[in-house]
Each structure stands twice: as C-alpha cells, then as structure tokens.
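Structure assessment
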Amino acid sequence: MNEEIKIEDVNFVGGDNLKFSLLDLDSKHESQWCPGCGNYGIVMAVKNAILKLGINPKDVLIVSGIGCASKFPHYLKTYGIETIHGRALPVATGAKLANKDLHVIVVGGDGDGYGIGMGHLMHTMRRNINITYLINNNEIYALTKGQTSPTTPKGKKTASTPNGSIETPVNPMALAIGGGATFIAKSFSGDINHMSDTIARAIAHKGFSIIDIAQICVSFNPSMNFKWYKDRIYNIDDLPDYNNKNKSWGMIHALESQDDKIGIGIYYHNDDDRETYIDDLPEDEKLSLVRQDINDIDIENILDNYE
C-alpha cells in the first residue's frame, strides 16, 4: 500500500487525549437499505476512517444528494445534510467556504454524481475544493428500481433498456484525472479495510479527493455480486510501474480498468498539485468565516452605490 500520504501528520482535532469509539458514531436511526447492500460496508469504512484520523465527530459534516446513498447522514452521528438530486456538491462547497475547519464528506451514487450532478462535479474538481467525495457506484439507478445509469455497462439489460444499453459508460477515474481532482482513487464495498484506509487518506489530503467505490446492489444489479467483483478486482499498488504521482500513468491505467478487470487503489494524488480554492480567498486566510466578528462591519458605502 502506498505510504506517501502520512495519516499521522494530520493535525488531529481535539488533541491527543480525545478518544472515540464506533459507538460514538452510531445514530439512532434504523437502516432502510436492503439486506446485503454494499452501503453497509461503506458506512462502516467511513466510521473507521474518522476514528483512524482521530477526528471529533462534531467536526464532521456528511452531505448527500438523493438515492440509496443519500441515507448516509442519517446513519452517522455527525452533522449531516440530505440535499436534492445532484446538488450535494454546491451545498458542501458552501459549508466548507463558511467553515474551513469542518471535515466535509459528500456521499452519493453514480446517478447522483455522474448523471444529474455531473456539471457540479466538474466545477468542484477544477476548483480543488478541500472536501472528500465518495461515489457509491453500483452501475444502476437502484432507488427507482433498476434503470440504466451513466456507468451501466454497454449491452446490459435494465428496466429502462430491456434490449440492452447502447451507451458507452463513464470511466470515473479517467473523468476525475481529466477534470483536475488532486486525489483520485477506487475501492470496493466488499473490502472494508481497503475502503477505510483509502477514505482516511482522502480526508487527510489537502484538496478535492474523490473515491469511486464499486458497490454491490443485491436487489437491482444482482449479477454483479461479490464473486463477480472478486474475480475481476486487482490492486494497482501491485503493478511494477506504480506511480500515482504521475497523471499520465494514472490515465493509462484508468482507461485499462473497465468491467472485465477493475483496478482498486489510488490512481493519482498530489498535495502540491495546486492551491485549494480557499487558499486564494483572503477573507478565509486567518479565521473561518463563521468565527469572524460581523458586528463592526460597515456596509454603508456598498449600499450607497445602489441609491
């Protein structure tokens, strides 16, 4: 496993004496996911990552859109917002700009992120907003019972394409490299340890981090089950020429990773790639906006311009 991102270098919120357990992250809400859904493993991995980094749950914000994955804010005892379809990233961006000290994690599905929310995804990547985006990619619209999504394989029969999809699917890793994300990884919902480690590294990264998680959907995409994935998954860390600091290397291997062989691991990351969006905002330089005193702000001169 690549060790270039050092989790121990993160400035832990709360100091060395702060201790939490998985129970501290449990919410009171009962799950509405299907038995066997890959989301169970993903939510556990998010909890593990928060504990691994020693982050106080009160300093975590989970933002979701619409879809099965949108229930994430309900199942973690952190701050959370369930927004509207495809619009989680603008909400997350606003929260991060208002309070740069928050650890903002966005969770959505492939339809939410690569379909309805694609425009927002592209602009968030190029701005390098310092947030983490998890896309639970089950290659189907599951909440609406099995329609073709942007990542559904060509030829696959679904509720909306009974004769097989005729569209070429989105390649998430190639999309993220071209879009300018500065931490780009893929993981698998059936491998909690790999997800936990990758998510922790993504949160620790300074800049926009995206993890496409190959997610099992037992109800509406049952042919792509645990065995189907295990027969195809390989770890890109094991490749002899592994070099995730090189975008060209990442793009070559992203284009090689399709449904017949699926590479998991970090395709590209670079903390020094470029400044984050907030780094270029002088208003945010010293203190988060939410902590700034607004009592002595004089807006008379601004209002005079509108007379």
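What comes next is a walk through the structure.

Scoring rules and cut-offs
- Within any chain, residue numbers begin from 1 and follow the written order of that chain's sequence.
- Note on the predicted model: pLDDT of at least 70 is required for a residue's local features to be given, and 80 or more for side-chain atom pairs to be given and counted; whole-chain, interface and lining totals, by contrast, use all residues.
- Side-chain calculation: all heavy atoms of the structure are included, whereas hydrogens and water are not.
- To obtain an axis, a line is fitted to C-alpha atoms, over the contacting stretch when the element is a helix, and the angle between two such axes runs from 0 to 180 degrees between their N-to-C directions.
- Each helix is a run of DSSP H or I of at least 4 residues and each strand a run of E of at least 2, with the numbering of both proceeding from the N terminus.
- Here roughly perpendicular refers to angles of 65 to 115 degrees, roughly parallel to angles under 35, roughly antiparallel to angles over 145, and oblique to all remaining angles.
- Note on contacts: a residue pair is in contact if any heavy atoms of the two residues lie within 4.5 Å.
- Any Phe, Tyr or Trp ring, taking Trp's six-membered ring, that has another such ring centre within 6.5 Å forms a pair; planes under 30 degrees apart are called stacked, those over 60 apart edge-to-face, and the others tilted.
- Think of it in three bands: residues with accessible area under 20% of the maximum for their type are buried, residues over 50% are exposed, and the middle band is partly exposed, with areas taken using a 1.4 Å probe on protein chains only.
- In this scheme, a helix's expected span is set at 1.5 Å multiplied by one less than its residue total.
- Put simply, a nonpolar core is a bunch of buried Ala, Val, Leu, Ile, Met, Phe, Trp, Tyr and Cys residues held in one set by side-chain atoms that sit within 4.5 Å of each other.
- Each patch is built from residues that are more than 30% exposed by relative accessible area and take part in no salt bridge. Like charges join if they lie within 9 Å; nonpolar side chains (Val, Leu, Ile, Met, Phe, Trp, Tyr) join within 5 Å.
- Computed by Shrake-Rupley with a 1.4 Å probe, the accessible areas treat only the displayed protein chains as cover when residues are assessed.
- One side-chain nitrogen of Lys or Arg within 4 Å of one carboxyl oxygen of Asp or Glu is enough to make a salt bridge.
- Here the positive residues are Lys and Arg and the negative ones are Asp and Glu; neither His nor the chain ends is included.
- A single reference atom marks each charge: NZ on Lys, CZ on Arg, CG on Asp, CD on Glu.
- Crossing handedness: left-handed means the near helix sits turned counterclockwise from the far one by under a right angle, and right-handed means the same turn made clockwise.
- Charged means Asp, Glu, Lys or Arg here, nonpolar means Ala, Val, Leu, Ile, Met, Phe, Trp, Tyr, Cys or Pro, and polar covers whatever is left, Gly included.

**Some points on the packing of helix α4 (residues 118–127) against helix α5 (residues 172–179)**
α5 packs onto α4 with a crossing angle of 50 degrees between their chain directions and a minimal axis gap of 8 Å. Taken as axis vectors, α4 and α5 run oblique relative to one another. On α5, the residues that touch Met118, Leu121, Met122, Met125 and Arg126 of α4 are Leu175, Ala176 and Gly179.

**With respect to the packing of aromatic side chains**
On inspection of all chains with the given rule, the structure shows seven aromatic pairs. Measuring from ring centre to ring centre gives 5.0 Å for Trp228 and Tyr229, while their planes differ by 85 degrees; the resulting arrangement is edge-to-face. Like Trp228, the residue Tyr229 is buried in the burial classification. What links up through ring pairs into an aromatic cluster is the set Trp33, Tyr40, Phe72 and Tyr75.

**Some thoughts on helix α6 (residues 192–204)**
When the terminal C-alpha atoms of α6 are compared, their 18 Å separation across 13 residues agrees well with the 18 Å that a helix rising 1.5 Å per residue should span. Among the 13 residues of α6, 10 are classified as buried, and the element is accordingly described as predominantly covered. Looking only at α6, the buried set comprises His194, Met195, Ser196, Asp197, Thr198, Ile199, Ala200, Arg201, Ala202 and Ile203.

**So, unusual backbone geometry**
Of note in the backbone geometry, Asn128 takes a positive phi value of approximately 55 degrees without being a glycine. Counting through the fold element by element, Asn128 comes out in the loop between α4 and β4 (132–137). Here Asn128 falls in the buried class, since its relative accessible area comes to 0%. The backbone phi angle of Lys145 is positive, close to 75 degrees, even though this residue is not glycine. Within the fold, Lys145 resides in the loop between β4 and α5. Exposure remark for Lys145: the relative accessible area of 60% places this residue in the exposed category.

**Describing the nonpolar core**
In this structure, Phe72, Val106, Ile184, Ile199, Phe208 and Ile210 are the most contacted members of the largest nonpolar core, which totals 60 residues. In terms of residue count, the dominant contributor to this core is helix α1 (residues 39–53) (seven residues). Non-local contacts of Phe208, meaning those with residues more than four positions away in its chain, are made with Leu89, Leu121, Thr124, Met125, Asn128, Ile129, Asn130, Ile131, Tyr133, Ala181, Thr182 and Phe183. In terms of nonpolar packing, the next biggest core, distinct from the first, is built from nine residues, Ile216, Trp228, Ile262 and Ile264 among them.

**Section: a negative patch on the surface**
A grouping of Asp298, Glu300, Asp304 and Glu307 is seen on the molecular surface, where their side chains present a negatively charged patch. With respect to the element layout, Asp304 can be found in helix α9 (residues 300–304).

**What about the packing of α5 against helix α8 (residues 247–256)?**
In contact at an axis separation of 8 Å, α5 and α8 are set at 155 degrees when each is read in the N-to-C sense. Overall, the two elements α5 and α8 adopt an arrangement that is roughly antiparallel. In this structure, α5 crosses over α8, and the sense of that crossing is left-handed. Here Met173, Ala174, Ile177 and Gly178 of α5 lie close against α8, whose contacting residues are Lys247, Gly250, Met251, Ala254 and Leu255. Residues that form the contact of α5 with α8 fall into these classes: six nonpolar, two polar and one charged.

**A closer look at the pattern of salt bridges**
Any two side chains of opposite charge can pair, given that their charged atoms come close. Using the criterion set out here, one finds eight salt bridges in the structure. Lys52 serves as the salt-bridge partner of Asp197, at 3.1 Å between the closest nitrogen and oxygen. A residue pair is termed long-range when its members are at least 10 positions apart, and Asp197 in helix α6 and Lys52 in helix α1 qualify at 145 residues. As a salt-bridge pair, Asp212 and Lys186 come within 2.3 Å of each other at their nearest N and O atoms. With Asp212 in strand β6 (residues 209–214) and Lys186 in strand β5 (residues 183–188), the pair connects residues that are 26 residues apart, well separated along the chain. Both residues of the pair, Asp212 and Lys186, belong to the buried class.

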